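Each chain, written out:
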Amino acid sequence: MMKNPASVTKNLKKVVKRKYDEDYIKYRFSWCGDETAPRPQCIICGDQLSNESMVPSKLKRHLYSGHPSCANKDKQYFERCLEQNKKQKKFMKLAVTVSEKALEASYHVAKLILRQKKPHTVSETLSY
Ligand SMILES: [Zn+2]
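The numbering scheme is per chain: residues are counted from 1 as the chain's sequence reads. Local features in this predicted model are restricted to residues whose pLDDT is 70 or higher, and side-chain atom pairs enter the listing and the counts only when it is 80 or higher, whereas totals over whole chains, interfaces and linings include all residues.

Engineer: What exactly am I supposed to notice about the overall build of the protein chain here?
Structural biologist: Only runs of H or I of at least four residues qualify as helices and only runs of E of at least two qualify as strands under DSSP, and these elements are numbered from the N terminus. Helix and strand counts for the protein chain come out as three helices and two strands. Secondary structure elements of the protein chain, listed N to C terminal, follow the sequence α-β-β-α-α. Residues with at least 20 other C-beta atoms within 10 Å of their own are called buried, those with 12 or fewer are called exposed, and the rest are partly exposed. The C-beta atoms themselves are positioned from the backbone. Within the protein chain, buried positions represent 7% of all 128 residues. Residues are treated as contacting if the C-beta atoms built from their backbones sit within 7 Å of each other. At a minimum sequence separation of 6, the contacts of the protein chain that also span at least 24 residues come to 37%.

Printed below as a string of structure tokens:
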């Protein structure tokens with residue numbers, strides 16, 4: 001008995017999740033999310049594309065249309081970027097907490113300055 005060719009074609013058409021290829025680093029793309037259905041992530045701007053976009057043509061298009069100035073930089077440069085990103089992620093949470101506090105502090109300072117400035121401006125207006 002022969003297998004029905006139609007059913008074979010059907011099986012081939014099953015949705016295949018695209019895998020990240022180490023080679024995609026040359027399009028300045030890393031990946032994020034689920035390992036079985038990774039999403040390409042641009043190293044330069046951090047944009048995440050869909051799993052279906054995990055194809056050289058689409059990654060290339062993002063690079064050339066979004067970051068033409070980065071297209072000619074060498075691969076090693078981005079591999080270093082990637083390494084640094086990984087290291088920085090560990091400290092990211094801490095950095096965010098610190099900068100939020102710093103922001104809050106600078107906000108209070110700005111408010112104080114405003115408060116100090118206001119009466120001065122008012123009294124100037126009054127004496128005039
Ligand atoms: Zn990008």
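Engineer: Even after reading the chapter, I still don't get unusual backbone geometry, so can you show me in this structure?
Structural biologist: Negative phi values dominate among residues other than glycine, just as trans dominates among peptide bonds. Non-glycine residue R28 carries a positive phi angle of around 65 degrees. Checked against the element boundaries, R28 lands in the loop between α1 (5-12) and β1 (29-32). Judged by the 26 C-beta atoms lying within 10 Å of it, R28 falls in the buried class.

Engineer: What am I meant to see in the pairing of β1 here?
Structural biologist: A regular strand carries its side chains on alternate faces of the sheet. In short, DSSP must find at least two bridges between two strands for them to pair. Pairing between β1 and strand β2 (residues 39-42): four bridges, direction antiparallel. Within β2, the residue paired with F29 across the bridge is C42. The hairpin turn running from β1 into β2, its antiparallel successor, is six residues long, and G33 in that turn takes a positive phi close to 85 degrees.

Engineer: Sorry, what's going on with the confidence of the model for the protein chain here?
Structural biologist: Reading predicted coordinates in detail is not appropriate for stretches of low pLDDT. pLDDT runs from 0 to 100 and stands for how confident the predictor is about each residue. The predicted model of the protein chain averages 78 in pLDDT, with 70% of residues at 70 or higher. When pLDDT is averaged over each element of the protein chain, helix α2 (residues 56-66) comes out on top at 95 and α1 at the bottom at 54.

Engineer: Explain the environment of D47 here, please?
Structural biologist: Within the fold, D47 resides in the loop between β2 and α2. Taking the number of C-beta atoms within 10 Å as the measure of exposure, D47 has 12 and is therefore exposed.

Engineer: For this particular structure, what's the right way to read the environment of R39?
Structural biologist: For R39, the position within the fold is in strand β2. Residue R39 is classed as partly exposed on the basis of its C-beta count, with 19 C-beta atoms lying within 10 Å. With twelve residues separating them along the chain, R39 and N51 place their C-alpha atoms 4.7 Å apart. Each residue touching R39, except ones within four places of it in the same chain, is listed here: W31, C32, G33, Q48, L49, S50 and N51.

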